[in-house]
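# Fold and geometry: a report
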Amino acid sequence: MTLLDAVLSLSEAPARDEALQRILRALAQATAADALSVLTAAEDGSVGVAAQIGLSPAALGLSFNPAEHPRLRRATLAAGPIRFLDPSEPDPYSGWLLGSAGEIHPIHACMAVPLRVQGRLAGLLTLDACDPHGLRGLRDEDARMFAALCAGALRLDGSPAPALAAGARRAAGGGALPGRSAAMRRIEREIAVLAPLSVPVLVTGETGVGKELVARALHERSPRASRALVIVNCAAIPAQLVESELFGHRKGAFTGATAARAGRFEAAHGGTIFLDEIGELPLAAQAQLLRALQEGEIQPVGEDRARRVEARVVAATNRDLRREVAEGRFRADLFHRLWVYPICVPPLRERREDIPALCERFAAELAAELGAARVDIAEPALRALTQAGWPGNVRELKNAVERAVLRRTMAEGTGAAGRTLVLRREDVDDAGDADEHGALARPGAPRIELPGERPWPAGAPPGAPVEPLVEALERARREAFARAFRAAGGNAAMAGRLLGVSRSFAYKEAVRLGLIPAPEPRRR
């Protein structure tokens, strides 16, 4: 993706969030940054993460008070790009960098650029690189250019641009749920009725059916569309930090709380908070959540007084909450408070008529990233995709379509830029061939026995040596990275996409595993 692609994203992206992600992807390819983010400024002076690459998924919607973070405070007051050279200043993203188990090393490259719309601070663009010299190649002029694009994207929501008034934004959200099935038409009608209201909504369905899309549609078609949509993956937050993440904490409330932090509910004030996998919340946090729903109050960890907060709650789960209540793992009063109106998203196997539209959408999205003119799907390939089982639902379908596009690109070997790709039947050979546990079952592959089916693999004597787990995982890791880099012709970005990881992570792992040569040391 080039700078031109990032510019075009402003006119082609249907909404602010998608435009921001496209711009960040373009910037990630133009720099050696390991993490990038766009933070938007709120009326109370705080800044919240609206889009990011390279941070933990749980960081989306994270809110900071610049007065408590020296780097953010300096960035909000700066006239242009600012590079942070003092390692003694704490990095607000410590612990949030993807793959980081703790603090970011103090010696690393970090910079921020203020985003301004009509002279007012609209947010910040931030870049972090673990390599202390990782951002040296990014000129301030280029950083300003990408910041201007991000500022333009922020105007796509609630903006002075007349073409995207509130009604237009809601119409744009209407395309978020492609499909012609009766089930999807029913969900569209339910969203139309529920979106203008403030009542809680519980979205249910199997993993991967698109529950988050329903939550986004509810927000984008509501009067809250100009305010924040804060997405929280309850399953990704450590149990001991759930209350702090949702409701905030004061400085010194617990070990490691070196500064006060607003929680996700405060970040969603006036907007919508989407609690994905709500069935994973511990009981203590469920009690606080019930109070937030009933009284509109939250109590940050370590504070004696409650705070008022007004946020619409949309929750989602793939669990049977009735069973969870019966078995004592979910509060009955919270269940009834959430069960005002449930929206059930059926699995993909029950709405196969939606598959062609979804395939076209996923193929078009990746075609735009590859620079292809378009992607067509031949009838035999589309038939195979439509008839597959899809135990992973829409998420698995998306992966299969993207994998097929990449296979076709590499099979033709001439690159995708400006070309029309036609997906063939052989490109989707493993489409939907996952078993009920999500493991691919390719023809000829050995079947993995489940616990209790057989005490050891067929033909292996009881005393056969077992490879240590660490060694087995490292060998499998090396083989996977080697295959991906061979298929990608040594291109780290393409290999990363095949593996489902970032370009920088794929490159660093390949160097560590000895698959590609290490870079020459830089001279100071």
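Now for a quick tour of the structure. Predicted model, so just to flag it, every value in this text is computed and none were measured. (Residues numbered from 1 in each chain as written. Predicted model: local features only at pLDDT ≥ 70, side-chain atom pairs only at ≥ 80, totals over all residues. Heavy atoms only, no water.)

Scanning the protein chain from terminus to terminus reveals 18 helices and 15 strands. Among the 524 residues that make up the protein chain, the fraction classed as buried is 45%. Of the contacts formed within the protein chain by residues at least 6 apart in sequence, a portion of 67% connects residues at least 24 apart. Accessible surface, the protein chain: about 25,600 Å² in total, of which carbon and sulfur atoms supply 54%. (Helix = DSSP H or I, 4+ residues; strand = E, 2+ residues; numbered from the N terminus. Buried < 20%, exposed > 50% of the residue type's maximum accessible area, 1.4 Å probe, protein only. Contact = heavy atoms within 4.5 Å. Areas by Shrake-Rupley, 256 points an atom, 1.4 Å probe, with all protein chains shown as cover.)

What follows covers the packing of aromatic side chains. The final tally for this structure, using the stated rule, is three aromatic pairs. A ring pair is formed by Phe64 and Tyr93, whose centres lie 5.8 Å apart and whose planes are at 70 degrees; its orientation type is edge-to-face. Here Phe64 is found in strand E3 (residues 63–64), whereas its partner Tyr93 is found in the loop between strand E4 (82–83) and strand E5 (109–117), with 29 residues between them in sequence. You can call Phe64 buried: its relative accessible area is 1%. With a centroid separation of 5.5 Å and an interplanar angle of 25 degrees, the aromatic rings of Phe247 and Phe265 are classed as stacked. Linking Phe247 in helix H8 (residues 242–247) with Phe265 in helix H9 (residues 264–267), this pair joins segments that are 18 residues apart in sequence. Owing to a relative accessible area of 0%, Phe247 belongs among the buried residues under this scheme. Classification of Phe265 as buried rests on a relative accessible area of 3%. (Phe/Tyr/Trp six-rings, centres within 6.5 Å; stacked < 30°, edge-to-face > 60°.)

What follows covers helix H15 (residues 393–412). An α-helix turns once per 3.6 residues; consequently, residues spaced three or four apart project the same way. Relative to the 28 Å expected for 20 residues at 1.5 Å per residue, H15 spans 29 Å between its end C-alpha atoms, a close match to the ideal helical length. Taken as a whole, H15 has its buried residues at Asn393, Val394, Glu396, Leu397, Ala400, Val401, Glu402, Ala404, Val405, Leu406, Arg408 and Thr409. Close packing links the buried residues of H15 with helix H13 (355–370), strand E14 (374–377), helix H14 (379–387), strand E15 (420–423) and helix H17 (492–499). One or two residues past the end of H15 sits Gly413, with phi positive at roughly 65 degrees. (Expected span 1.5 Å × (residues − 1).)

Across the sheet, which stays open at both edges, the five strands sit in the order E8-E9-E12-E7-E13 with parallel pairing between neighbours. Each edge of the open sheet carries a strand with a single partner, namely strand E8 (229–233) and strand E13 (342–344). Sheet twist, expressed as the mean angle between neighbouring strand axes with direction ignored, is 20 degrees. As judged from the five bridges shared by E8 and strand E9 (residues 272–276), these two strands associate in the parallel manner. Bridged to Ile231 within E9 is Phe274. Of the strands in this sheet, strand E7 (201–204), E8, E9, strand E12 (312–317) and E13 touch helix H7 (residues 211–220), which is tilted by about 170 degrees from E9. (Pairing = 2+ DSSP bridges. Axes fitted to C-alpha atoms, helices over the stretch in contact; angles between N-to-C directions.)

Before going further, it helps to examine the packing of helix H16 (residues 469–487) against H17. Where H16 contacts H17, the axes come no closer than 8 Å and their chain directions differ by 130 degrees. In terms of orientation, H16 lies oblique with respect to H17. As H16 runs across H17, the sense of the crossing is right-handed. Across the interface between the two elements, Ala480, Phe481, Ala484, Phe485 and Ala487 of H16 pack against Ala492, Ala495, Leu498 and Leu499 of H17. When the residues that make up the contact of H16 with H17 are grouped by side-chain class, the tally is nine nonpolar, no polar and no charged. (Parallel < 35°, antiparallel > 145°, perpendicular 65-115°, else oblique. Left-handed = near helix turned anticlockwise from the far one by under 90°. Nonpolar A, V, L, I, M, F, W, Y, C, P; charged D, E, K, R; others polar.)

The subject of this paragraph is the packing of H16 against helix H18 (residues 503–512). Here H16 crosses H18 at 120 degrees, and the two axes come no closer than 10 Å. Once H16 is placed against H18, the crossing between them reads as left-handed. Touching Glu474, Arg477, Phe481 and Phe485 of H16 are Phe505, Ala506, Tyr507, Glu509, Ala510 and Arg512, all from H18. Grouping the constituent residues of the contact of H16 with H18 by class yields six nonpolar, no polar and four charged.

A few words on helix H6 (residues 182–194). For H6, which comprises 13 residues, the first-to-last C-alpha distance of 18 Å matches the rise-based estimate of 18 Å (1.5 Å per residue) to within 8%. Within the span of H6, buried status applies to Ala183, Met184, Ile187, Glu190, Ile191 and Leu194. One side of H6 carries all its buried residues, which in axial view fall inside an arc of 115 degrees. For H6, the exposed residues set more than 90 degrees away from the buried face come down to Arg189, Ala192 and Val193. (Arc of directions from axis to C-beta.)

The next subject is the pairing of E5. Across the nine residues of E5, eight count as buried, placing the element largely inside the fold. In the sheet, E4 pairs with E5 via two bridges, with the strands oriented antiparallel. Paired with Ile82 across the strands is Ala112, a residue of E5. The pairing of E5 with strand E6 (residues 120–129) spans nine bridges and is classified as antiparallel. Note on E6: the bridge partner recorded for Pro114 is Leu124. The loop that links E5 with its antiparallel partner E6 comprises two residues; one of these, Gln118, has a positive phi angle of about 50 degrees.

It is worth spelling out the pairing of E15 at this point. Only one face of E15 is buried, namely the one carrying Leu421 and Leu423, since none of Thr420 and Val422 on the opposite face is buried. Two strands pair when backbone bridges link them, and E14 and E15 are joined in this way by four bridges, in the parallel orientation. By the bridge assignment for E15, Ile377 is matched with Leu423.

Counting 37 residues, the largest nonpolar core has Leu348, Val375, Trp390, Leu397, Val401, Val405 and Phe485 as the members making the most contacts within it. For this core, the secondary structure elements donating two or more residues are H13, H14, H15, E15, H16, H17 and H18. The contacts of Leu397, once residues within four sequence positions are left out, are Leu348, Ile355, Leu358, Cys359, Phe362, Leu385 and Trp390. (Core = buried A, V, L, I, M, F, W, Y, C linked by side-chain atoms within 4.5 Å.)

Counted by the stated rule, this structure contains 32 salt bridges. A salt bridge links Asp140 to Arg83; the nearest nitrogen and oxygen atoms lie 3.1 Å apart. On the criterion of sequence distance, the pair formed by Asp140 in helix H4 (residues 140–154) and Arg83 in strand E4 is long-range, its members being 57 residues apart. When its relative accessible area of 30% is taken as the criterion, Arg83 is described as partly exposed. A salt bridge links Asp354 to Arg351, with the shortest nitrogen-to-oxygen separation between them at 3.3 Å. Residues joined in a network through salt bridges with shared partners are Glu280, Arg319, Glu324, Glu327 and Arg329. (Salt bridge = Lys/Arg side-chain N within 4 Å of Asp/Glu carboxyl O.)

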